[in-house]
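# Structural overview
Each chain is listed here by its residues.
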Amino acid sequence: MPDSATPGASATGDGLARRRRRRWLRGGGLGAAVLLLAAGGAGWVLYARLSDNITPDEAAARELARYDEERPTALVSGAQNILLIGTDTRAGSDNGKYGRDSGTERSDTTILLHLAADRRSATAVSLPRDLMVRVPACPRAGGGQSDPSFAMFNTAFQVGGSACTIRTVEELTGIRVDHHMVVDFSGFQQMVDAVDGVPVCVREPIDDKAAKLKLPAGRITLDGEQALGYVRARKTLGDGSDTDRMDRQQRFLGALVEKVRSDGVLLNPVKLYPVLDAATSALTTDPELASLRGLYRLVRGVRDIPTEHVRFLTAPREAYVYDSDRDQLVQPEAGELFARLRADRPVEVADTSPDTGGKSPGDNAGNSPSDTPTYRGSTAAAHTCE
């Protein structure tokens, strides 16, 4: 990537150009694949191809290294924090059908995934794209440096790519980001297709022209194109809010985890290779993860986490005081959440009313410091259809 390029994967840069296709990596099946593919001859060729599929985000690594002294310090050895960034780029032939490339691509979905040091739980925190935050000065894609600003969270990716987004998250949360992964529209779609679709429950018929989504009510298995519309739609699903959309994204990810774990793909190398080929092609990651072995080192310790201990929640938010179409964090709840993740302390989730500010009624009221707070959210074990 040229030195003048945005430091880190960007919606229009080389960081996303080599990624294409399918799904997340999981568990023992990946370990078996690594061993099988690394064992001689043709197997080694396949292994090398999978590793070469992943785009290393070298520019982001260089930029983050420049600011290493300013970044948060990891407090708990063994705990890991991975930033998952889904972008709304329309660049490229596969993404162009989702709209015109206006040159203002932003992070459409951002999730901070915390893996506990003992690998007995995982917590995925959605960060609202309309959250008003301080975005630091970042190098621009076309050269020069942006000024620090107070703006919507998703502008950080537009201004300075993945490195700028990571620095914004770290300043917002005080949590050190150890790894990051970036995927675009086409990558997400093909991940879902790689596992032969994901089942969800559609409570009412959907006809959303903006999302190009038309579905009947009931239990339905979404293919990649449908899944993309389902997780991105706002106007005709739920109450039309971004909070409702993030809830839907979290439920979908939970269903995806369930599908991956229950699918025979992981134990069948013949089925597994195409899935791994698709998954690795869909990713831009930090250099440490940019190989099949690097990804395996990350996931091997989480394969046995019970689905009820894979938690999804949204950072406690409310309407921004100066603009109801924007968000701000609810304090002290958000600060407490980030502090607990920093210290690798547990949180719980429950399906509570949206009007509680992101927390269950009465949480922390008169609680002792040893009590585990409960946030509005769900687990990967939650059923999508009741």
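Scoring rules and cut-offs
- Residues numbered from 1 in each chain as written.
- Predicted model: local features only at pLDDT ≥ 70, side-chain atom pairs only at ≥ 80, totals over all residues.
- Heavy atoms only, no water.
- UniProt positions renumbered as here; feature names shortened; annotations may be inferred.
- Axes fitted to C-alpha atoms, helices over the stretch in contact; angles between N-to-C directions.
- Helix = DSSP H or I, 4+ residues; strand = E, 2+ residues; numbered from the N terminus.
- Parallel < 35°, antiparallel > 145°, perpendicular 65-115°, else oblique.
- Left-handed = near helix turned anticlockwise from the far one by under 90°.
- Contact = heavy atoms within 4.5 Å.
- Phe/Tyr/Trp six-rings, centres within 6.5 Å; stacked < 30°, edge-to-face > 60°.
- Buried < 20%, exposed > 50% of the residue type's maximum accessible area, 1.4 Å probe, protein only.
- Core = buried A, V, L, I, M, F, W, Y, C linked by side-chain atoms within 4.5 Å.
- Salt bridge = Lys/Arg side-chain N within 4 Å of Asp/Glu carboxyl O.
- Pairing = 2+ DSSP bridges.

- An unreviewed UniProt entry annotates the chain as LytR family transcriptional regulator originating from Streptomyces bauhiniae.
- Per UniProt, the chain has the following entry under Sequence similarities (unreviewed entry): "Belongs to the LytR/CpsA/Psr (LCP) family."

### Brief notes about the packing of helix H5 (residues 185-194) against helix H6 (residues 224-232)
- One can describe the packing of H5 onto H6 by two numbers: an axis separation of 7 Å at closest approach and a directional angle of 120°. If you check the angle between H5 and H6, you find them oblique. Considering how the two elements wind past one another, H5 and H6 form a crossing that is right-handed. Contacts from Phe185, Phe188, Gln189, Val192 and Asp193 in H5 reach Gly224, Glu225, Ala227, Leu228, Val231 and Arg232 in H6.

### Focus on the packing of helix H3 (residues 58-66) against helix H4 (residues 155-173)
- Contact geometry of H3 with H4 gives a least axis separation of 8 Å together with a crossing angle of 40°. Considering their axes alone, H3 and H4 lie oblique with respect to each other. For the element pair H3 and H4, the recorded crossing hand is right-handed. Here H3 contributes Ala60, Glu63 and Leu64 to the contact with H4, which in turn contributes Ser162, Ala163, Ile166 and Arg167.

### What about the packing of aromatic side chains?
- Applying the stated rule across the entire model yields 3 aromatic pairs.
- When the ring of Phe150 is compared with that of Tyr320, the centres are 6.2 Å apart and the planes differ by 50°; the resulting orientation is tilted. In this pair, Phe150 is assigned in strand E6 (residues 149-152) and Tyr320 in strand E14 (residues 317-320), connecting sequence segments 170 residues apart.
- According to the relative accessible area criterion, Tyr320 is buried, its value standing at 17%.
- Both rings, one in Tyr320 and one in Tyr322, keep their centres 5.6 Å apart while their planes meet at 75°; by these two values the pair is edge-to-face.
- Given the relative accessible area of 71%, Tyr322 is considered exposed.

### Remarks on the nonpolar core
- Formed by 33 residues in total, the largest nonpolar core has its most connected members in Leu83, Val125, Leu337 and Phe338.
- Put simply, the parts of the chain that give this core at least two residues each are H3, strand E2 (80-87), strand E5 (132-135), H4 and helix H10 (333-342).
- The element contributing the most residues to this core is H4, with 7 residues.
- Among the nonpolar cores identified, the runner-up in size contains 24 residues, and Leu84, Leu115, Val257 and Val302 belong to it.

### Some points on the environment of Arg245
- Within the fold, Arg245 resides in helix H7 (residues 242-262).
- Considering only alpha carbons, one finds Arg245 and Val231, 14 residues apart in sequence, at a separation of 6.6 Å.
- Aside from chain neighbours lying at most four places away, what touches Arg245 is Asp108, Thr109, Arg129, Val231, Arg232, Ala233 and Arg234.

### Remarks on the pattern of salt bridges
- In this structure the tally under the stated criterion is 8 salt bridges.
- Between Arg376 and Asp247 there is a salt bridge, with the nearest N and O atoms lying 2.4 Å from each other. Here Arg376 is found in strand E17 (residues 374-379), whereas its partner Asp247 is found in helix H7, with 129 residues between them in sequence.
- Relative accessible area serves as the criterion here: at 11%, Asp247 is assigned to the buried category.

### Quick word on the pairing of strand E8 (residues 198-202)
- A large share of E8 lies buried, amounting to 5 of its 5 residues.
- Residues Val198, Val200 and Val202 of E8 are buried on one face, and the alternating residues Pro199 and Cys201, pointing to the opposite face, are buried as well.
- Pairing geometry for E8 and strand E11 (residues 218-222), over 5 bridges, is antiparallel. Counted as the bridge partner of Val200 is Ile220 from E11.

### Notes on unusual backbone geometry
- The omega torsion of the bond from Gln331 to Pro332 falls at 10°, within 30 degrees of zero and hence cis.
- Of note, Pro332 is situated in the loop between strand E15 (323-329) and H10.
- If you check the backbone angles, Asp196 has positive phi at about 60° while not being a glycine.
- Asp196 sits in the exposed class, given a relative accessible area of 62%.
- Unlike most non-glycine residues, Asp344 shows phi in positive territory, near 60°.
- Here Asp344 shows up in the loop between H10 and strand E16 (348-350).

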